[in-house]
Amino acid sequence: MLELFNQHISKVNKIIHSCTTIEHINSAKQVIKNFIDYWKVKKISVKTLRHYLHHFNTLIYFKLKLINYNE
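To keep things clear, this report deals only with the structure shown in the data block.

Calculation criteria
- Residues numbered from 1 in each chain as written.
- Predicted model: local features only at pLDDT ≥ 70, side-chain atom pairs only at ≥ 80, totals over all residues.
- Heavy atoms only, no water.
- Helix = DSSP H or I, 4+ residues; strand = E, 2+ residues; numbered from the N terminus.
- Buried < 20%, exposed > 50% of the residue type's maximum accessible area, 1.4 Å probe, protein only.
- Core = buried A, V, L, I, M, F, W, Y, C linked by side-chain atoms within 4.5 Å.
- Contact = heavy atoms within 4.5 Å.

**Description of the environment of E3**
Here's step 1: Locating E3 in the fold gives a position in helix α1 (residues 2–17).
Here's step 2: Classification of E3 as exposed rests on a relative accessible area of 59%.
Here's step 3: Sequence separation of E3 and S45 is 42 residues, and the distance between their C-alpha atoms is 15 Å.

**Description of the nonpolar core**
Here's step 1: Formed by 17 residues in total, the largest nonpolar core has its most connected members in F5, I16, I32, F35, L49 and F56.
Here's step 2: Contributing elements (two or more residues each) for this core: α1, α2 (22–41) and α3 (46–70).
Here's step 3: The greatest single-element share of this core, amounting to 6 residues, is contributed by α2.
Here's step 4: Setting aside anything within four residues of it in sequence, one finds L49 in contact with F5, F35, I36, W39, K40 and I44.

See the structure below:
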């Protein structure tokens, strides 16, 4: 299960890094919500999920700044 968890983290990171528009960012946010909901059901610790949620939100924040800078 840990291997699957790490694969999902990697996929979400790739999705965030591939975003080029605000619409992509909004879709990535939905993917993050689905990721968190899925792993809550799988009983991953809340502390771990919060850590990755913070990580993803930080990536989204800087990606948004980069997108807005380029426009």
